[in-house]
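Reading the structure
So you can see what is in the structure, the chains are spelled out below.
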Amino acid sequence: MTGIASAIRTLKEELPSNVTLVAVSKFHPAEAVAEAYAAGQRIFGESRPQEMHAKAGVLPADISWHFIGHLQTNKLKYVLPVAAMVESVDSRHLLAAIDKWGRENGKVIDVLIEIHIASEDTKQGFSREEALQVLADAAQYPGVRILGLMGMATLTDDENIIRSDFSRLVALRDEVVAGKERFPGLPERFGILSFGMTHDYRIAVSMGADIVRIGTLIFGERTY
Ligand SMILES: *Cc1c(COP(=O)(O)O)cnc(C)c1O
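No experiment lies behind these values; they were computed from the predicted model shown.

Attention shifts here to the environment of Glu-175. By the secondary structure assignment, Glu-175 is in helix H7 (residues 159–178). With sequence-adjacent residues up to four places away left out, Glu-175 is seen in contact with Arg-128, Leu-132 and Arg-182. Here Arg-128 takes part through its side chain, which lies 2.9 Å from a polar atom of the side chain of Glu-175.

Shown next, in the form of structure tokens:
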């Protein structure tokens, strides 16, 4: 068994059955994705539009591709025809562009709203206040289905900081779900939380993540 296959198997055994594993294959070749696929993995995360488009073209059609990186509106044409979900909607401008593409192409695009929970200001995403406003306006975007929230914790070994970052994401989701009447455009299923990566996925699972996005642990270090 390859290292990739055994990492997938180990993770599948470890993760509770209600947690979805997105195998983050960015910067790794299609051959690496094929190895994970052979081990049973079907959901992959990519952060560069052309790279995702190219891999989707050569790999099996039953793969679900999640886009997880910063997406420029002029790159939608690479991502939206192949993506099962865009997890990283980090601006209203992007949400409006995805909505427009969806309406023009007769599709409803599944998305998550990315929330800025880390203390570094380099990370993308909406503040709590901006997110509440966008979620309240969800009905203005019939070409998208906002299913939940995504976030990335501060890059640190301090578990307390990671927990406190993640807890803001959980609290925001809970606030929205508890106040449903203020968010009439959200679908019934709204509430999915995507958080947790290689170094913090165990914390994320313990705090109720529905989706974890794991790259390095499966595919090894990236060289960028
Ligand atoms: C790269 C990336 C991941 C995976 O990170 P690892 O540390 O390799 O597990 C998860 N989420 C996002 C948004 C990423 O960009």
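On we go.
Looking now at the nonpolar core. The biggest cluster of nonpolar side chains holds 68 residues, and the ones touching the most others in it are Ile-98, Ile-113 and Ile-146. Looking at this core, the element that brings in the most residues is H7, giving 6 residues. Among the nonpolar cores identified, the runner-up in size contains 9 residues, and Val-22, Ile-43, Met-85 and Leu-112 belong to it.

Attention shifts here to the side chain of Gln-41. Looking at the secondary structure, you find Gln-41 in the loop between helix H2 (30–38) and strand S2 (43–46). In contact with Gln-41, not counting residues within four places along its chain, are Ile-8, Lys-12, Leu-21, Val-22, Ala-23 and Ala-36.

Unusually for a residue other than glycine, Phe-27 sits at a positive phi of about 70°. Mapping Phe-27 onto the fold places it in the loop between strand S1 (20–24) and H2. The class of Phe-27 is partly exposed, set by a relative accessible area of 23%.

Summed over all chains, the structure comprises 2 aromatic pairs. Ring geometry for Phe-166 and Phe-195: centres 4.6 Å apart, planes at 55°, overall tilted. A residue pair is termed long-range when its members are at least 10 positions apart, and Phe-166 in helix H7 and Phe-195 in the loop between strand S7 (192–194) and helix H8 (201–206) qualify at 29 residues. No difference in accessibility class separates Phe-166 from Phe-195, as the two residues are buried. Sitting above the plane of the Tyr-37 ring, Arg-42 keeps its charged end 3.5 Å from the centroid.

Reading guide: rules and limits
Residues numbered from 1 in each chain as written. Predicted model: local features only at pLDDT ≥ 70, side-chain atom pairs only at ≥ 80, totals over all residues. Heavy atoms only, no water. Helix = DSSP H or I, 4+ residues; strand = E, 2+ residues; numbered from the N terminus. Contact = heavy atoms within 4.5 Å. Polar contact = N/O pair within 3.5 Å; in protein donor to acceptor, adjacent residues only side chain to side chain. Core = buried A, V, L, I, M, F, W, Y, C linked by side-chain atoms within 4.5 Å. Buried < 20%, exposed > 50% of the residue type's maximum accessible area, 1.4 Å probe, protein only. Phe/Tyr/Trp six-rings, centres within 6.5 Å; stacked < 30°, edge-to-face > 60°. Lys NZ or Arg CZ within 6 Å of the ring centre and 35° of its normal.

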